[in-house]
Amino acid sequence: MSSAAGSRRERGTVLGALPPQASGRLWVLYGRVLGPLLGGYLLFDRAFAYLHLPGSPLFVGEMVLGVGAAATVMATRYLKMPIRDESILALLVAFAGWGLIRTIPGVGTYHLDAVRDAALWFYCLFGFFVTAVLARSPELIDRWITQLTRLTPWLLLWLPFAVVLYPLSDSFPTVPFSTVSVLSHKSGSAAIAALLVLGCMWLFPGTRSARSRTGWSVLALVVVALAATQNRGGLIGVMAGGAVGLAFLRNRVGLAARVVLVMTVGLGVASLLSLKIPLGGLQGREFSATQLIDNVVSLGGKNEPGNLGGTVEGRQQLWSRILAKQINDGHLVDGSGFGQNLASEVGVLDAGKDTLRSPHNSHLHILARLGVVGISLWIALWVGWYWRMVAGCRRLAREGLHTRRQVGVLTLMVCTAVLVSCFFDPQLEGPQVAALLWTAFGIGVTVTTVRPWFGGGTSS
């Protein structure tokens with residue numbers, strides 16, 4: 001089957017899925033604002049998370065989720081169809097349900113703190129809602145790819161400055177009516193954003209010329225290198241996500257060789273010339289080739305003891321203290337619940353400080369808050385999702401549904417990078433990364449379905 005015929009086939013299945021009645025307009029609205037929401041997070045990270053008004057910060061992500069909740073009430077069937085037909089979404093329902101059960105007791109005691117900590121699980125609503133959106137309007141995937149393509153130049157031109165200036169954020173102005181600096185882009189988030197645009201450019205080569213794609217890819221690798229000097233978790237996440245993407249590309253050997261060549265030559269030249277940016281990084285780390293090499297080498301060993309928030313030993317001590325307290329309190333199975341500051345309770349932070357409320361590892365945070373029950377559901381959820389995605393992408397390739405397959409591969413890359421990076425940073429607790437993860441989760445479920453609720457399944 002020719003590529004043109006394959007494209008017509010995919011277009012035909014998409015159009016065949018649209019309902020005859022013009023209902024579900026709120027779902028369409030949700031789909032239209034989701035792209036700008038994720039774009040704002042990719043560009044500005046935490047500085048975009050709130051609409052700061054005097055005395056009442058409004059969370060942008062929660063406002064968008066509110067649109068999804070209203071759409072659920074007005075046109076429930078678009079959400080009901082995916083949940084009814086997809087067993088992986090039943091696992092997600094179970095995970096969210098357990099999170100709700102463990103959150104309710106803490107609301108009476110800890111009030112808004114319990115709700116804030118519950119973001120660890122309730123951002124999975126992004127995953128539910130995106131499946132409903134695509135059940136209503138499958139063509140929105142094309143819209144999101146186009147938006148990401150248009151955002152790529154602006155994103156890659158800004159991210160190097162965002163990473164380099166982030167250590168100076170305390171001396172820059174804050175978002176109006178808040179304490180959040182306008183320069184609040186974490187290096188790990190920047191690395192994931194760079195991987196996203198890299199994946200989009202190479203999985204959808206028709207969106208750019210070969211020369212343009214090469215130039216922007218080099219700049220994306222620069223962003224990853226700068227971020228890696230400050231955050232090893234982001235580096236490992238990008239490497240894992242990139243490896244997953246390469247596994248699905250036909251020219252993976254040649255592409256991997258070019259990436260390695262560019263990085264090797266770049267690091268070699270930078271090291272020989274002793275190039276470094278004359279600005280201090282986080283925890284005294286330089287923006288230099290030497291620092292990047294040291295970080296890569298340190299992945300196979302241990303750091304010297306130091307700051308508890310930044311060294312391997314410090315994190316291990318924090319994790320072990322929290323888990324030991326959980327066992328002593330008899331909450332290993334059901335978890336400690338939500339609301340209490342876990343770091344302060346084990347003496348890592350003063351009681352008056354509230355900057356770190358978790359084990360600094362989203363996976364262990366799930367174990368601490370939701371216990372063995374929660375972490376078991378979490379593992380089952382992602383094992384099932386990966387099993388489905390790998391099998392689904394292979395099936396889509398056999399059936400000639402090339403665009404759907406490439407979208408599935410991109411979601412695999414993004415989710416892998418985030419899940420690996422979350423071993424080192426509590427990224428799922430904030431919407432900046434969690435919204436991207438759960439949206440990718442839901443899109444992956446959608447494009448690999450064989451059910452008729454999206455695009456007529458895989459039938460002609």
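For the structure itself, look to the data block above.
So, here is what we can say about the structure in this document. (Residues numbered from 1 in each chain as written. Predicted model: local features only at pLDDT ≥ 70, side-chain atom pairs only at ≥ 80, totals over all residues. Heavy atoms only, no water.)

**Observations concerning the packing of helix α10 (residues 187–203) against helix α18 (residues 402–421)**
So, step 1. α18 packs onto α10 with a crossing angle of 160° between their chain directions and a minimal axis gap of 10 Å. For the element pair α10 / α18, the angle class is roughly antiparallel. Between α10 and α18 lies a crossing of right-handed hand. Across from Ile192, Leu195, Leu196, Gly199, Cys200 and Leu203 in α10, the residues of α18 making contact are Gln406, Val409, Leu410, Met413, Val414, Ala417, Val418 and Ser421. (Axes fitted to C-alpha atoms, helices over the stretch in contact; angles between N-to-C directions. Helix = DSSP H or I, 4+ residues; strand = E, 2+ residues; numbered from the N terminus. Parallel < 35°, antiparallel > 145°, perpendicular 65-115°, else oblique. Left-handed = near helix turned anticlockwise from the far one by under 90°. Contact = heavy atoms within 4.5 Å.)

**Focus on a nonpolar patch on the surface**
So, step 1. Taken together, the side chains of Ile327, Leu332, Val333 and Val372 present a nonpolar region at the surface, about 320 Å² in accessible area.
So, step 2. Within the secondary structure layout, Leu332 lies in the loop between α15 (312–328) and α16 (342–345).
So, step 3. Note on Leu332: relative accessible area 33%, which makes it partly exposed. (Patch = residues over 30% accessible without salt bridge, like charges linked within 9 Å, V, L, I, M, F, W, Y side chains within 5 Å. Areas by Shrake-Rupley, 256 points an atom, 1.4 Å probe, with all protein chains shown as cover. Salt bridge = Lys/Arg side-chain N within 4 Å of Asp/Glu carboxyl O. Buried < 20%, exposed > 50% of the residue type's maximum accessible area, 1.4 Å probe, protein only.)

**Quick word on the nonpolar core**
So, step 1. Trp382, Trp438 and Phe441 are the most contacted members of the largest nonpolar core, which totals 113 residues.
So, step 2. Considering every element that reaches this core, the biggest residue donor is α10, with 12 residues.
So, step 3. The contacts of Trp382, once residues within four sequence positions are left out, are Cys415, Leu419, Leu437, Trp438 and Phe441. (Core = buried A, V, L, I, M, F, W, Y, C linked by side-chain atoms within 4.5 Å.)

**Examining helix α19 (residues 431–447)**
So, step 1. With 17 residues, α19 extends 23 Å between its outermost C-alpha atoms, agreeing within 8% with the 24 Å of an ideal straight helix rising 1.5 Å per residue.
So, step 2. In terms of residue burial, α19 counts as a mostly covered element, since 17 of its 17 residues are buried. (Expected span 1.5 Å × (residues − 1).)

**A closer look at the pattern of salt bridges**
So, step 1. Enumeration over the complete set of coordinates arrives at 6 salt bridges.
So, step 2. Arg388 is the partner of Glu86 in a salt bridge, and the nearest nitrogen-oxygen pair spans 2.8 Å. Of this pair, Glu86 sits in the loop between α4 (77–85) and α5 (87–110) while Arg388 is found in helix α17 (residues 362–398), placing the two residues 302 residues apart along the sequence.
So, step 3. Overall, the relative accessible area of 5% leaves Glu86 in the buried class.
So, step 4. The salt bridge partner of Glu399 is Arg395, with a shortest N-O separation of 3.6 Å.
So, step 5. A relative accessible area of 13% places Arg395 in the buried class.

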